[in-house]
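Examining the three-dimensional arrangement
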Amino acid sequence: MLATPALADDAQAAPQATTSAAPIAQATPEIIVTAQKQSQPLHGTPAAVTALSQDALTTAGITDIRGVASLVPSAQFQAERGATKVYLRGVGTFLDVDSTDPAVAMNIDEVYAPREITGGALFDLNDVEVISGPQGTLYGRNAAGGAVNISTKDPTHNFGINMMAEGGNYNFIHTTGAVNVPVGDDVAVRAAFDYQDHDGYLSNGLNDQKSIAGRLKVKMTPTERLTVTLSGEYYHSGGLGLTPKPVTPSAQFPSDASPWQFNVDPTAANFFNKSWYDLVHAKFEYDLGGGTSLIYIPAYLHYSSRSNFYNGPGTLELDPSATQYTHELRLSHQGEHLNWVAGGYAYLNDGLTTSTLTLAPIPARYPQVTQNFNVHSVSYAGFGQATYTLHDGLKLTGGIRYSYDKRSGGGVNGFGPAPGVSFPTTFTTALSSSNVDYRVGVQYDISRDNMVYANFATGYNEGGFVPTVDANGKALTFRPQTLKAVTVGTKNRFWGGRLEINDELYYYAFSDYQVSAFNQAIGGLIIVNAKSAQMVGNDLTVRFKATVHDTLGLGLGLESARGLDFDVPASAVGAGNACACSGLALPQAPTTTLNADYTHIWDFSNGATLALAGDLYFSSSYWEVYTHNPQTLSPAYTRSNATLTYTTADKRWTVAAWVKNIENTARYNAISQPSSDATPTTGIIEPPRTFGLRFGVHI
């Protein structure tokens, strides 16, 4: 299916194969990406970018962003109810409350998407671009690990209907589609929807899904120079939802039981899950002439959720909500020798979270703890980046971004150091920071199909606080994390574009590395800063169009990620979780990941085609938690998928049979750190083997 960047359009191109006496393999299609906020060919972009089209995602059976993980070298995408924790090359953030931020920025149509809505459906897309490495200059704060850009389809002036329906085991039902309608010469409208429903993968019905989403886009060209795109999107998810479950055997969860066995009654425990969001945004593009354009993107987002789920031996009811406003204004120029982009950015987020933690039946220090806290976050930035072609393919790039961030909040704290003893119940805090990110790079185009590049770039993760306090009533805060990165790479197309080989070597140096840790004194997760850490690695992708009927792909990620001056003292987390971690492997950083795929197409005399696509993903073992507690070691695993697709001669109808997780691999992610109260280590188990049929129509 899609393990490497150039695979993005293979699924779309596959039905175009034709018979001939001596078939000649054609070049893989050229892919255009916007990773640097300007359109350019993927093979000419001096960065590690994986681009995945909607057709490719459909062939792979990917319906949400979490499925992308198996297609990107050195990536971990972890589900946690409505949120997705993203780690690129081991860079990410475990703790997921409003007062902390991810280290990989996710954007929907160039609008920043907070972590809480990233578990929504992927439907009616142009593509998904995953950019590995710090993107501080163009994407700002919280893009130290990279960026994930989701681009939805715009309306066009061609009438069209696309519909797809599929069903499978666990009573899986999925329908999705889009209708595109031109309205006169200057207006076009596109409406899309997605519905998904399946029973729980766990024996008690948990880890089910019931979701519905819709999107309406209107594109207008009131003048020859002005284009306006308006978009509104809604998503709702219900059912029981995802829940953590114990990773290690116990009396309640014996080792000989199925990994998907879960002996907790969700009705008696009152488990539930409800989440929804509304996203409204616009894009105004004005052509100033001479290759220069002015772009303005305002956006409004509101999200809310209510869920009650298993949390160690008890339950956690979590009710977060927030309203977000963003604005980006930028000028962009593309010329013969000089390309540049410059602009400003503003972000405002107001959030409120209520949580109730019940730790029965274990005699806990806190039989029931309720927290209420609010968070107010603002960020302002100005940025610019330019690439200048000197001569004979030699290009120099320079960029800079200034960011100012402020975060404040307060609330009610329910934790204390011992039974019957509470820390102060209310708290307020405020903190601010500023940062300058920059980027310098050099690129040399050896030929139209071969180039080498080198970059030095920085990244920045905002500081924050956790909604708990110490004995003095002071909120537990943490400092910003900064990253300096050196990358050296090459991109190549050989044999008329039939063979693509891309490779990037990277070195990351962190200061004030942000560590998610369990604090024994307050009984909850916090973030502390370790002085320094480093990562050294290499990402290789290969795509080979062996014949007109056969395409092979390979992605290989190798990494060594270690703490340098990396001590987590007992004064910060308690004796049980203190760690002299210098020299130890960092969490979420497997030493080896491998993507491999193969597609074969059979042509029929009537013009129809049959395509067999298979992919394989391998990850070596890695630690989920910095302490290297044996219960938090994620073992090595392999997972493979396959799809067989029949396409009619007129390309209008498709029928496919698919199977995912052929090995029925039981893998946990988002594994929690066990506490001093002897609560079990928990994680969210990924789906078992699933299979089904898919039908599609394109008019």
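Residues numbered from 1 in each chain as written. Predicted model: local features only at pLDDT ≥ 70, side-chain atom pairs only at ≥ 80, totals over all residues. Heavy atoms only, no water.

1. Some words on the overall build of the protein
Operational definition: A helix here means a DSSP run of H or I that spans at least four residues, while a strand means a run of E at least two residues long, and both kinds are numbered starting from the N terminus. Under the scheme applied here, a residue whose accessible area is under 20% of the maximum for its type counts as buried, over 50% as exposed, and between as partly exposed, the area being computed with a 1.4 Å probe on protein chains only. Note on areas: Shrake-Rupley, 1.4 Å probe, and residue coverage restricted to the protein chains presented here.
In terms of helices and strands, the protein carries 4 helices and 40 strands. Per-residue burial for the protein yields a buried fraction of 57% across its 699 residues. If you sum the accessible surface of the protein, you get close to 26,400 Å²; carbon and sulfur atoms cover 60% of it.

2. Considering the sheet that holds strand β8 (residues 125–132)
We count it as follows: Two strands are said to pair when DSSP picks up at least two bridges between them.
Spatially, β3-β8-β9-β6-β7 is the arrangement adopted by the 5 strands of the open sheet, whose pairing is mixed. Either end of the sheet is taken by a strand with one partner, and the two such strands are β3 (48–53) and β7 (111–112). Here 2 bridges tie strand β6 (residues 104–108) to β7, and the two strands are oriented antiparallel to one another. Its bridge partner being in β7, I108 is matched across the sheet by V111.

3. Description of the packing of aromatic side chains
Defined as follows: Pairing of aromatic side chains here covers Phe, Tyr and the six-membered ring of Trp, requires ring centres within 6.5 Å, and sorts the geometry by plane angle: under 30 degrees stacked, over 60 edge-to-face, intermediate tilted. Note on geometry: a ring has a charge over it if NZ (lysine) or CZ (arginine) is within 6 Å of the ring centre and within 35 degrees of the ring normal.
A full pass over the atoms with the stated rule returns 14 aromatic pairs. Considering the side-chain rings of Y513 and F566, the 5.5 Å spacing of their centres and the 55° angle between planes classify their relative orientation as tilted. Linking Y513 in strand β27 (residues 499–519) with F566 in the loop between β29 (550–563) and β30 (567–568), this pair joins segments that are 53 residues apart in sequence. For Y513, a relative accessible area of 7% translates into the label buried. For F566, a relative accessible area of 2% translates into the label buried. Of the aromatic side chains, those joined through ring pairs into one cluster are Y506, Y508, F510, Y513 and F566. Taking the ring centre of Y506 as reference, the NZ or CZ of R89 above it sits at 4.0 Å. In this structure, R215 packs its charged tip against the face of F123, placed 4.1 Å from the ring centre.

4. Examining the sheet that holds strand β39 (residues 682–685)
The 3 strands lie next to each other as β15-β39-β38, forming an open sheet whose pairing is antiparallel. Looking along the sheet, the strands with just one partner apiece sit at the ends: β15 (245–246) and β38 (668–669). Pairing analysis gives 2 bridges linking β38 to β39, with the strands arranged antiparallel. Of the residues in β39, the one forming a bridge with Y668 is I685.

5. Remarks on the pattern of salt bridges
Applicable threshold: Any Lys or Arg side-chain nitrogen found within 4 Å of a carboxyl oxygen on Asp or Glu counts as a salt bridge.
Across all of its chains, the model carries 24 salt bridges by this definition. Between D109 and K217 there is a salt bridge, with the nearest N and O atoms lying 3.6 Å from each other. In this pair, D109 is assigned in the loop between β6 and β7 and K217 in strand β13 (residues 209–220), connecting sequence segments 108 residues apart. Given a relative accessible area of 3%, K217 falls into the buried group.

6. Describing unusual backbone geometry
Residues apart from glycine generally show negative phi values, whereas peptide bonds are mostly found in trans. Notably, D109 is not glycine yet its phi reads approximately 50°, a positive angle. When its relative accessible area of 13% is taken as the criterion, D109 is described as buried. With a phi angle near 70°, E110 is a residue other than glycine that sits in the positive phi range. Relative to the elements of secondary structure, E110 occurs in the loop between β6 and β7.

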